[in-house]
Amino acid sequence: MAATESPSRPIGSIEVRRLAYGDLPGVLSIERRSFPAPWSLAMFVLELSKPSGICLAADTGDGLAGYLVCSRYADIWHVMNVAVDPERRREGIAARMMGELLETAGRDGRYTLEVRVSNHGAIAMYERLGFRRAGRRRRYYHDNGEDAMIMWLGDPGYIG
Ligand SMILES: CC(C)(COP(=O)(O)OP(=O)(O)OC[C@H]1O[C@@H](n2cnc3c(N)ncnc32)[C@H](O)[C@@H]1OP(=O)(O)O)[C@@H](O)C(=O)NCCC(=O)NCCS
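Residues numbered from 1 in each chain as written. Predicted model: local features only at pLDDT ≥ 70, side-chain atom pairs only at ≥ 80, totals over all residues. Heavy atoms only, no water.

Undergrad: What am I meant to see in the site of the ligand here?
TA: The environment of the ligand is made up of 21 residues, and the closest members are Val82, Arg90, Gly92, Asn119 and Arg128. Between a nitrogen atom of the ligand and a main-chain N or O atom of Val82, the distance comes to 2.8 Å. A total of 910 Å² of accessible area belongs to the ligand in isolation, and the protein chains cover 76% of it. Broken down by secondary-structure element, the contributors of at least two residues to the shell around the ligand are β4 (76-84), α3 (93-105), β5 (110-116) and α4 (120-128). Of all the elements, α4 adds the most residues to the shell around the ligand, at six residues. Tallied by class, the residues present in the shell around the ligand amount to twelve nonpolar, four polar and five charged. (Near = heavy atom within 4 Å. Polar contact = N/O pair within 3.5 Å; in protein donor to acceptor, adjacent residues only side chain to side chain. Areas by Shrake-Rupley, 256 points an atom, 1.4 Å probe, with all protein chains shown as cover. Helix = DSSP H or I, 4+ residues; strand = E, 2+ residues; numbered from the N terminus. Nonpolar A, V, L, I, M, F, W, Y, C, P; charged D, E, K, R; others polar.)

Undergrad: Sorry if this is basic, but what is going on with the pairing of strand β3 (residues 64-73) here?
TA: Remember that side chains alternate between the two faces of the sheet whenever the strand is regular. For β3, the buried fraction is high: eight of the ten residues fall into the buried class. One ladder, built from six bridges, connects strand β2 (residues 54-59) with β3; its direction is antiparallel. By the bridge assignment for β3, Ala58 is matched with Gly66. Connecting β2 to the next strand, β3, in antiparallel fashion are four residues, including Gly61 with a positive phi near 105 degrees. Bridge count for β3 against β4 is eight bridges, and the pairing is antiparallel. The residue of β4 that forms the bridge with Val69 is Asn81. What sits between the antiparallel neighbours β3 and β4 is a turn of two residues, in which Ala74 has the positive phi angle 55 degrees. (Buried < 20%, exposed > 50% of the residue type's maximum accessible area, 1.4 Å probe, protein only. Pairing = 2+ DSSP bridges.)

Undergrad: Is there a simple way to think about the sheet that holds β5 in this case?
TA: Taking strand neighbours across the sheet as the criterion, the seven strands line up as β1-β2-β3-β4-β5-β7-β6 in an open arrangement whose pairing is mixed. A single partner strand is all that each edge strand has here, and the edge strands are β1 (15-18) and β6 (132-137). Within this sheet the neighbouring strands show an average axis-to-axis angle of 25 degrees, counted without direction. Sheet contacts for α3: β1, β2, β3, β4, β5 and β7 (148-153); angle to β4, the most-contacted strand, approximately 155 degrees. (Axes fitted to C-alpha atoms, helices over the stretch in contact; angles between N-to-C directions. Contact = heavy atoms within 4.5 Å.)

Undergrad: Can you walk me through unusual backbone geometry in this structure?
TA: It is generally the case that most residues other than glycine have a negative phi and that most peptide bonds are trans. Phi at Arg90 takes a positive value of approximately 60 degrees, unusual for a residue other than glycine. Here Arg90 is to be found in the loop between β4 and α3. Residue class for Arg90 comes out exposed when judged on its relative accessible area of 85%. A positive phi angle is found at Arg139, which is not glycine, with a value near 50 degrees. Its location among the elements puts Arg139 in the loop between β6 and β7. Residue Arg139 is classed as exposed on the basis of its relative accessible area of 59%.

Undergrad: Help me out: how do you make sense of a nonpolar patch on the surface in this one?
TA: Taken together, the side chains of Tyr21, Leu41 and Val45 make up a nonpolar region of the molecular surface, amounting to roughly 270 Å² of accessible area. Residue position: Val45 is located in helix α2 (residues 41-49). (Patch = residues over 30% accessible without salt bridge, like charges linked within 9 Å, V, L, I, M, F, W, Y side chains within 5 Å. Salt bridge = Lys/Arg side-chain N within 4 Å of Asp/Glu carboxyl O.)

Undergrad: What should I look at first to understand the confidence of the model for the protein in this one?
TA: Caution applies to low-pLDDT parts of the model: their predicted coordinates are not meant to be read in detail. This prediction gives the protein a mean pLDDT of 92; 90% of its residues lie at or above 70. The model gives residues 1-7 a pLDDT under 50, and that stretch makes two contacts with residues more than four places away or in other chains. (pLDDT = per-residue confidence, 0-100.)

Undergrad: Help me understand the side chain of Asp85 in this model?
TA: On the secondary structure map, Asp85 appears in the loop between β4 and α3. Look at Asp85 and you get buried, because its relative accessible area is 13%. In this structure, Asp85 is in contact with Ile30, Arg33, Leu64 and Ala65, ignoring residues within four places of it in sequence.

Written out as structure tokens, the structure reads:
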């Protein structure tokens, strides 16, 4: 490409695409800087191997800026993991990945997740996307005994 031509991806832009096994070193790097009890490599491999799941990567062109893991159980989508590189937060990256998930899985679908009750930033993000609080799971997190906030997007009343 000549020096005057534009690159196919504008500098600084992010592409949201399917997460691949080759992304896992980058995933683990972000995971370990994001959570007090990070997932193991085996947990990510298991989720990626599920054909019904949706796993997304936020790709900067020369690395990973974030990822999202969502599993499907019956007709319910369970958001299992979302994280963004600490250097790239508050740029809208997680919101873009969540938007892509909702487009791919369907905006009329039913979605649930658990989040630490102290994780006000993540709770604010999910509420902005339309998720609503629907109770707690007591002492859900084994590392510190913290409660999980259960959140739903779509009707939580019917388990089909
Ligand atoms: C939670 C997390 C994924 C958000 O990623 P992000 O890319 O920074 O989020 P976005 O930039 O898309 O935020 C979208 C909106 O969510 C809300 N939000 C996100 N992070 C917030 C924070 N720390 N405090 C308050 N509001 C926040 C804001 O409304 C934000 O919009 P704004 O920046 O225009 O105000 C990121 O902070 C992270 O990786 N945290 C560690 C891992 C984690 O807790 N994951 C969630 C587990 S359930």
